[in-house]
Structures are given as structure tokens and as C-alpha cells.
Amino acid sequence: MRIKELAATRVRYGYRRIHVLLRREGWEINHKRTHRLYRELGLQLRNKTPKRKVKAKLRDDRTTATAPNECWSMDFLSDQLFDGRKIRVLSIVDNFTRVSPALDVRTSYRGADVVETLDRIAATYGRPQRIRLDNGPEFISKDLDLWAYQHDVVLDFSRPGKPTDNAFAEAFNGRVGAECLNAYWFLSLDDARVKCEAWRRDYNEHRPHSSLGNQTPMERAFASGQACLP
């Protein structure tokens, strides 16, 4: 059952990586038994799309978040300054409250930078039980994997080419793009940070959310008993 649970959240992990996770958790099991159980459960990864017209079975046992910090979604957006220099924006949103803990702007991102942002916002928002994210190089880095292991956070990776696996991040990014990135000229990196942070606060505190019965994300958070958020 534990192998099945790990395969459901780390959908691109083969039996070797799942075996490593089992050993980390203290399971006394050798790799041959892990492989046998993995195959008996039918969890083998298919690297190529089958030519026959039959849909592959999906690992679709994800559950809907029912409390704050139960599940976050995380993704990147790209934009540029007025002079053409590229910037990247790390967007994070709580799937239950829709509160955005961070909208962090940098010229470039590495795995260590993602960890730095998560540690910074943990002091205010806490840490999630699970984070949904894609298979970008910053997210599959050793730095983020170690951080998740140390803090008991599950990294729930999307299947390659399936953006709907991270639908909350896609929807939130659409709002950020339409209402913030496309609405302003950014004169410098600091200017972009100030404007994105101002938009994030307005989104959290003032923007009515139709799926929340026109509550703001902050109102949803307070109604759920979450501590005061900036």
C-alpha cells in the first residue's frame, strides 16, 4: 500500500526511486521485493505513448484539499522588464483558501532559490502537507527534494505534458498574467517586485473569488481558523 501511495504522488518515479523513499522511511526491504510488488501493482511507467487507441490508466486518486496548508500549488511565470531583460516569477497558491503566500520575482531561479522562498514564507504561513508542481529543473532539484524530506512535505509532480494535473496553479497564473504582468511596465527588478507584491496583497485581501462565494482568500482563511496572514 505504501508503494502505491508513493507512486500516486510521484508519478514519474520508477521502482528504484520509490525503493529509496521506502528505505528513507525505515522499511526493511530489498530492491528485488520492491520491484516485484511494483510490477504486481501494475505501476510500471510507460515512456512512449501507445499506438493503439486505448487510454492509459491514470493515477487519479488525488483528493480535494479540505483545510488550509493541506495542499499548495507552485509554478513559474516568465515576463520581461521594459528594456527586454527577462524575469521569472515563482507563484504559490493554497488550493483550499486560494491565499497566495508568495509571488517572488527574480532574474533567474535555481532549486536553492525555491527553497529560500519556501523557508521565508514558512514563518508566516507555515508549511503545506503537499505541493503540486511540474517537472521543471528547479522543482526536481536535490535542494528541493532534501527540503521536502526534512520537513515531511510531499512533492506531488504532474505528469509530463499534462498541465491540468496542476489546475490550481494554471488558473492562478492566468489571473497573475492578466491582472498584473500584462497590466504594468516594469522599470527594474525592484519595481517588478513592488508591483507584484502589491497585486498579491490585493488579491489576498480584497479580490472576491467566485469559487469561494465571492469571499476573498483571506476571509476564507480566517473562516477556516488559519492564523492572521499578511
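Numbers given for residues are sequential positions, taken from 1 along each chain in its written order. It should be noted that, the model being predicted, local features are given only for residues of pLDDT at least 70 and side-chain atom pairs only at 80 or more, the latter also being counted only at that level, while totals for whole chains, interfaces and linings use all residues. To get the side-chain values, all heavy atoms of the structure are used, and hydrogens and water are removed first.

(A) Quick peek at the environment of R130. Within the element layout of this structure, R130 appears in strand β4 (residues 130-133). With near-sequence residues (within four places) excluded, R130 lies in contact with T63, E70, C71, W72, V153, V154 and D156. Labels follow the DSSP assignment, with helices taken as runs of H or I lasting at least four residues and strands as runs of E lasting at least two, numbered in each case from the N terminus. It only takes one pair of heavy atoms within 4.5 Å for two residues to be counted as in contact.

(B) Quick look at helix α7 (residues 189-205). Here the expected length of a helix is defined as 1.5 Å per residue gap, with one fewer gap than residues. Taking 1.5 Å of rise per residue, the 17 residues of α7 would be expected to cover 24 Å, and the 24 Å separating its terminal C-alpha atoms lies within 8% of that figure. When accessible area is computed with a 1.4 Å probe and restricted to protein chains, residues below 20% of their type maximum are described as buried, those above 50% as exposed, and intermediate ones as partly exposed. Of all the residues in α7, the buried ones are D191, A192, C196, W199, R200, Y203 and N204.

(C) Inspection of the packing of helix α2 (residues 15-24) against helix α3 (residues 31-40) at higher detail. Note on geometry: axes are C-alpha line fits, over the in-contact stretch for helices, and angles between N-to-C directions span 0 to 180 degrees. At a closest axis distance of 9 Å, the pairing of α2 and α3 adopts a crossing angle of 120 degrees. One element, α2, and the other, α3, form an angle in the oblique class. Viewed along their axes, α2 and α3 form a crossing whose handedness is right-handed. Along its contact with α2, which presents Y15, I18, H19 and L22, the element α3 presents H31, T34, H35 and Y38. Partitioned by chemical class, the residues of the contact of α2 with α3 number four nonpolar, four polar and no charged. The labels follow the angle: roughly parallel below 35 degrees, roughly antiparallel above 145, roughly perpendicular from 65 to 115, and oblique for the rest. Whether a crossing is left-handed or right-handed is set by the direction in which the near helix is turned from the far one by less than a right angle, anticlockwise for left-handed and clockwise for right-handed. Throughout, the ten residues Ala, Val, Leu, Ile, Met, Phe, Trp, Tyr, Cys and Pro are labelled nonpolar, Asp, Glu, Lys and Arg are labelled charged, and all others, Gly among them, are labelled polar.

(D) Structural context of the packing of aromatic side chains. Any pair of Phe, Tyr and Trp rings, taking the six-membered ring for Trp, is counted once the centres come within 6.5 Å. Such a pair is stacked with planes under 30 degrees apart, edge-to-face with planes over 60 apart, and tilted for the rest. Going through the model one piece at a time under the given rule, you end up with six aromatic pairs. Aromatic pair F76 and F139: ring centres 5.1 Å apart, planes at 15 degrees, arrangement stacked. With a gap of 63 residues between them, F76 in strand β1 (residues 72-80) and F139 in the loop between β4 and α5 (142-150) connect regions that are remote in the sequence. Considered together, F76 and F139 belong to a single accessibility category, that of buried residues. Measuring from centroid to centroid gives 5.2 Å for W199 and Y203, while their planes differ by 20 degrees, and the two rings are stacked. Of the two residues, W199 and Y203 are both situated in helix α7; the distance of four residues between them amounts to about one turn of the helix.

So, to be careful, I would describe these as geometric facts and stop short of saying anything about function.
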